[in-house]
Structure formats: C-alpha cells, structure tokens
Amino acid sequence: MSGNYKVELTIVENGLDFIKRSLIELEKDDDMYFKYAILHLSAGLELILKARLQKEHWSLVFEDINKANLETFNKGEFKSVAFENLISRLEGICDIEMGFKTKKKIQNLKKYRNRIEHFDLSVNKKALEAITFKVLSVLIPFIYKEELIKRDHDTLKFINEKLTTMDDYITQRYKEISPIIKELPSEVRLLECPNCLQNRTLRLDEKYCYFCETTFKNLSVEFISRFLNFDEHFNISYGKFKFLDLCPCCEKRSLLVADDECLCITCCKILRPKEYVKCIDCGISHLFGKEEGEFINEEYVCYDCIFKDEI
Ligand SMILES: [Zn+2]
Ligand SMILES: [Zn+2]
Ligand SMILES: [Zn+2]
C-alpha cells in the first residue's frame, strides 16, 4: 500500500531527525543541551522501532490493538504502544531477533532517559558520548537490515559520519585508560559504570569511573535505579551478579551476590558467599564467627530472633 509507505517514511525521517538533533546538542559544551541530547536520542530510537512495527501493520503501533482504527491512526490521535510492548511485539510479531546485547543497550538508554527526566541528574559529556555510540551502533545497522529508509538518505549519512568520529573517540579514551587499569592491584574490583555504561571501568573501592571520570557520591542509589527491578533481582544481567542482598558489614541492601564473591557497593567490602549467613527468621545477614546467632536444625537464627519472645 503506497499510502502506508509514506507514513512509515515520515516516522523514520522524524526519528533520524531527532537523532541528528541529539548529536548536534552533544557537541555543545553545556549541561542543559546534554539533557536534551538524551531525550532526543531516546525519542528517535522509539520512533524508528515503531516504524518497524508499522511496516508490519499499522495497527501494531496502538497500545491497545483492539482500539486500532485507521481514521484515528491517520490523525495520530491514539495512545501508542508502550516501550516494553514495543520490544516484545518486534520480537514476537515481527520475528526480529533483538539479541540480548542489543536489547540491553536499548533498555539502558530508556532507563537513562527516565532518570534524567525525573531526577534532574547532571550529565557528563564523556558518559553521554559513550551511551550514544552504544545505541547508534545497534540502531543504524537495524535501519539498514530492516530496510526502513534508503541507504543514501542525507540524515542517515550525517549520523554515520558522526558515528565514525565517536568510534575514534571511544577507542582513544580506552587507549588512555587501559594502561592505568592494567596497573591496578588484583584486589581492586572493576564494575560496569551506571553512568557511561562501559564495562569494567568503575573502580569499586574508590567509586570512581576511569572512562567518564565520575566519582559517585552515592553509588548504591545510582546502581539500584539503573540495574535492578523492584524485586531487587537484576533485570538485565549484571555480569556474574545475580541479586542484591543485605550486607552483613554495613547492613545496607547493597551486596552484589555472585557464585564466587559478593561485593558491597556501599562499604566496598568483598566477601565470599560462605562468609555470611542469613537469619531464617528476620532475613538479616550476619558474618560467620561474629557469634550473633546459632544454627538450630541446620538453620541459622540470630539471637535477636531467638530471644525476642523472652523480652
Ligand atoms: Zn563511567
Ligand atoms: Zn556493606
Ligand atoms: Zn533474626
């Protein structure tokens, strides 16, 4: 249907336009522009993903497909599909294999965008460039592969050129920080940075990211808003870490737990999983050897819980 094609083209062009704007905003050295750069990048991404749904069928961009109506569609007067549903429809209906990494990059941007909109975070240029590069390096090939617009489109060319310079920038940045990271003592733990999303650039003991040069005042808050679901499991895998536990040392719920080690992002303690135990009754974590409770029928109960009825 030729009419349909025209609408699709408009969405893709709009999406690319938002992305172009975001790249221009990124070049201005100003926090206010940085904020818009993320908002525009996110808007552009969403439009392009929606364009792919629309290419399948226009009704798929309605949040409630039962309410899909060509007249309201043409007027643009409808509630369009929410982000999470957008992704699941692309996978389930359009049979697009997003791949774990791609999905993660897209969801990361969305989370970042929400944080900026709601918490008025200051944005760091190095972090922003890294995130933009990550998202565009999956979005542009997606546009080509799904044939959403002709390859020699001017805006697409503009974006591609910028992408090349960003690639250089990221490689350059890694060249600068790699020697420093390599020299770090083996007990230093490196994590993915919740700000620039680069892997193994955040030094836990100093709460400092070498890539984006951010020192985190409250790393656990940044971390939780970025990586966790409300049930405190990682909704997007965070390396080897599976869930967050109460730290037996600082008592904050900020102990990242993996099979071989646990790291606290508040007090920076590194423990092995066998070094602490949880009270079966109150769930509070205790270090072994601190004699804060005892095993009853192989289950650990802390003294507070054992004696609570006797007070
Ligand atoms: Zn960083
Ligand atoms: Zn702790
Ligand atoms: Zn207890």
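**Regarding the environment of Glu77**
Its place among the elements puts Glu77 in the loop between α3 (70-75) and α4 (83-92). Considering only alpha carbons, one finds Glu77 and Gly239, 162 residues apart in sequence, at a separation of 42 Å.

**What to know about the coordination of the zinc ion (ligand 3)**
Tetrahedral coordination by four donors sets the ideal angle at the metal to 109.5 degrees; octahedral coordination by six donors sets it to 90 or 180 degrees. Protein coordination at the zinc ion (ligand 3) comes from Cys279 (SG), Cys282 (SG), Cys302 (SG) and Cys305 (SG), with a distance range of 2.2 to 2.3 Å. For the zinc ion (ligand 3), the four donor atoms in the first shell make angles of 104 to 116 degrees at the metal, so the coordination geometry reads as tetrahedral. Sequence positions of the residues that donate to the zinc ion (ligand 3) give the spacing C-x2-C-x19-C-x2-C. Taken as a pair, Cys302 and Cys305 share a single burial class, namely buried.

**Looking at the sheet that holds strand β3 (residues 208-209)**
On the basis of which strands lie adjacent, the open sheet formed by four strands has the order β1-β2-β3-β4 and antiparallel pairing. Strands at the two margins of the open sheet, each flanked by one partner only, are β1 (190-191) and β4 (214-215). Strand direction decides the pairing type here: strand β2 (residues 202-203) and β3, joined by two bridges, are antiparallel. What sits directly across from Leu202, in β3, is Cys209.

**As for the coordination of the zinc ion (ligand 1)**
Bound to the zinc ion (ligand 1) are the protein donor atoms Cys193 (SG), Cys196 (SG), Cys209 (SG) and Cys212 (SG), situated 2.3 to 2.4 Å from the metal. Positions of the donor residues of the zinc ion (ligand 1) along the chain correspond to the pattern C-x2-C-x12-C-x2-C. You can see Cys193 sitting in the loop between β1 and β2 and its partner Cys212 sitting in the loop between β3 and β4, a full 19 residues away along the chain. For Cys193, a relative accessible area of 0% translates into the label buried.

**Remarks on the domain arrangement of the protein chain**
A common way to state how big an interface is: give the accessible area lost once the parts meet. Taken domain by domain, the protein chain comprises domain 1 (2-182) and domain 2 (275-311). A C-alpha centroid distance of 50 Å is found between domain 1 and domain 2.

**Section: the environment of Ser285**
Considering the arrangement of structural elements, one finds Ser285 in strand β11 (residues 285-287). A C-alpha to C-alpha distance of 45 Å links Ser285 and Met166, two positions 119 residues apart in sequence. The residues contacting Ser285, other than those within four sequence positions of it, are Asp245, Leu246, Cys247, Pro248, Tyr276, Val277 and Lys278. Within the local environment of Ser285, its side chain forms a polar contact with the backbone oxygen of Leu246, the two atoms lying 2.7 Å apart.

Scoring rules and cut-offs
- Residues numbered from 1 in each chain as written.
- Chains lettered and ligands numbered in written order.
- Predicted model: local features only at pLDDT ≥ 70, side-chain atom pairs only at ≥ 80, totals over all residues.
- Heavy atoms only, no water.
- Helix = DSSP H or I, 4+ residues; strand = E, 2+ residues; numbered from the N terminus.
- Donors = N, O, S within 2.8 Å, 3.2 Å for Na, K, Ca; no water.
- Tetrahedral: all angles 85-135°; square planar, octahedral: opposite > 155°, others 65-115°.
- Buried < 20%, exposed > 50% of the residue type's maximum accessible area, 1.4 Å probe, protein only.
- Pairing = 2+ DSSP bridges.
- Domains from an automatic or database assignment.
- Contact = heavy atoms within 4.5 Å.
- Polar contact = N/O pair within 3.5 Å; in protein donor to acceptor, adjacent residues only side chain to side chain.

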